[in-house]
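# Summary of structural features
What follows is the residue order along each chain.
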Amino acid sequence: MKKKRALIFGVTGQDGAYLSKFLLKKKYVVYGVKRRSSIINTKRIDDIYKDINYKSNFTLLYGDLTDASSILNLIKKVNPNEVYNLAAQSHVQVSFEVPEYSADVNGLGTLRILEAIRSLNLEKKVKFYQAGTSEMFGSTKEKFQNEKTTFQPVSPYGVSKCFAHWITKNYRDAYGMFACNGILFNHESPIRGETFVTKKIIQGLIRIKQGKQKKLFLGNLYSKRDWGHAKDYVEAMWKMLQQKKPDDFVIGTGKTFTIKEFVNKASKKLNLNIKWIGKGIKEKAVNIKNKKVIIECRRRYFRPLEVDYLKGNATKAKKILKWAPKILIDNLIDEMIEHEIENSNDQH
Ligand code: NAP
Ligand code: GDD
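Anyway, here's the lowdown on the structure attached to this text.

The rules behind the values
- Residues numbered from 1 in each chain as written.
- Chains lettered and ligands numbered in written order.
- Predicted model: local features only at pLDDT ≥ 70, side-chain atom pairs only at ≥ 80, totals over all residues.
- Heavy atoms only, no water.
- Patch = residues over 30% accessible without salt bridge, like charges linked within 9 Å, V, L, I, M, F, W, Y side chains within 5 Å.
- Areas by Shrake-Rupley, 256 points an atom, 1.4 Å probe, with all protein chains shown as cover.
- Salt bridge = Lys/Arg side-chain N within 4 Å of Asp/Glu carboxyl O.
- Helix = DSSP H or I, 4+ residues; strand = E, 2+ residues; numbered from the N terminus.
- Buried < 20%, exposed > 50% of the residue type's maximum accessible area, 1.4 Å probe, protein only.
- Pairing = 2+ DSSP bridges.
- Near = heavy atom within 4 Å.
- Polar contact = N/O pair within 3.5 Å; in protein donor to acceptor, adjacent residues only side chain to side chain.

Residues Val 94, Val 98 and Tyr 101 make up a contiguous nonpolar surface patch of about 210 Å² in total accessible area. Of note, Val 94 is situated in helix α4 (residues 92–97). A residue is classified by how much of its surface remains accessible, and Val 94, at 34% relative accessible area, is partly exposed.

Below, the structure written as structure tokens:
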């Protein structure tokens, strides 16, 4: 049987790396789109090239979501069965600093892919996955968010992803395209970007424990997030494209924790005994053993608007996709800590 071909935009990111490995294990031929950067940006997927079982089925090609002709040429060249759009300016706070670029990549970039598929007359052949986000729920007051929860985005990132969501649905309805929106809640892993809060906390606490860093500076300690593991979430993406009908699905664990609770869990696992003192921006954590302040809050890490509360209701995915998260927060933290310690020992 002919192998399926998958084209992944955003292959160099956290999810791109997990999805590539997942699809290669399923015997796909994987084409990943990377963009030109001034230093090598393939660290997360370098191990694929070293793996004798995978390297012959894995190809990287240059492209950029801001460049329609590159997208069209890539799709023409690869002639994929499945296209996964994971590429994005994915940092919420940064989207307030570069709103137009975030809208261009995340919003119009998605349209460019859909339009390339359509103009190549592949709309009945190619299946398309769009990386939507719980950030689209924004300021909703619903306490357990599902596919019917209204989007109320509160960041340029969230707004750009709403455009991508609706244009994906529009191409599905208007042209009969097999196009699915995943509405994924936060998912992390050892290869999470270093400026996202989970990785920043774990990296910071380990460095403090090893005496390599004095303090960790954070922003809002009281927002709540539903954190899962990227490995589980890429499986859900693939499952969406294997259904008879295209549809949209919420993917989350159904559990939610504050940033402070995440810090407490991680420090306990690292045997760092901490005590919180002070309030508001002056709240800080003291290392009980040596009385030193190791965590402080800084205004620069607060956003102009915050998504206070996220908790995902993945009942539909459980029922239709037969998907459920396998890795929950405690095991996720354990894995991130283990990786970080191994990595820091390698470096020193
Ligand atoms: P990530 O680690 O930030 O990866 C983003 C990827 O997009 C990287 O490969 C990046 O390339 C690429 N990219 C950025 N701008 C591009 C452009 N102009 N053209 C082509 N590629 C570009 O994000 P992630 O955590 O893997 O998330 C994957 C997707 O899911 C994103 O769309 C994100 O918004 C969405 N999402 C993530 C979560 C989550 O919690 N992780 C939850 C919901 C939705 P470089 O490596 O060169 O920067
Ligand atoms: N990044 C960061 N850095 N966030 C902090 C910090 C800090 O120093 N201190 C507190 N936070 C709070 C943020 O204000 C936010 O409420 C929460 O920690 C999580 O922030 P991030 O880890 O940056 O993730 P996010 O929820 O904003 O966005 C991630 O999840 C979305 C899904 O809901 C990203 O992966 C998005 O791409 C994704 O769509």
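Moving on, there is more to tell.
Let's shift gears to the pairing of strand β14 (residues 284–287). Pairing geometry for strand β13 (residues 274–277) and β14, over 4 bridges, is antiparallel. Looking at the pairing, Lys 275 lines up with Val 286 of β14. Connecting β13 to the antiparallel partner β14 that follows it, the hairpin turn spans 6 residues, and Gly 278 within it adopts a positive phi of roughly 80°. Sheet analysis places β14 next to strand β15 (residues 292–297), joined by 4 bridges and oriented antiparallel. When the bridges of β15 are listed, Lys 284 appears paired with Glu 296. Between β14 and β15, which pair antiparallel one after the other, the connecting turn spans 4 residues, and Lys 291 there sits at a positive phi close to 65°.

Glancing now at the site of ligand 2. Neighbouring ligand 2 are 24 residues; Thr 133, Ser 134, Tyr 157, Arg 303 and Glu 306 lie closest to it. Separating an oxygen atom of ligand 2 from a backbone N or O atom of Ser 90 is a distance of 2.7 Å. Within the side chain of Asn 186, a nitrogen or oxygen atom sits 2.7 Å from an oxygen atom of ligand 2.

Any functional reading would require information beyond the geometric quantities listed.
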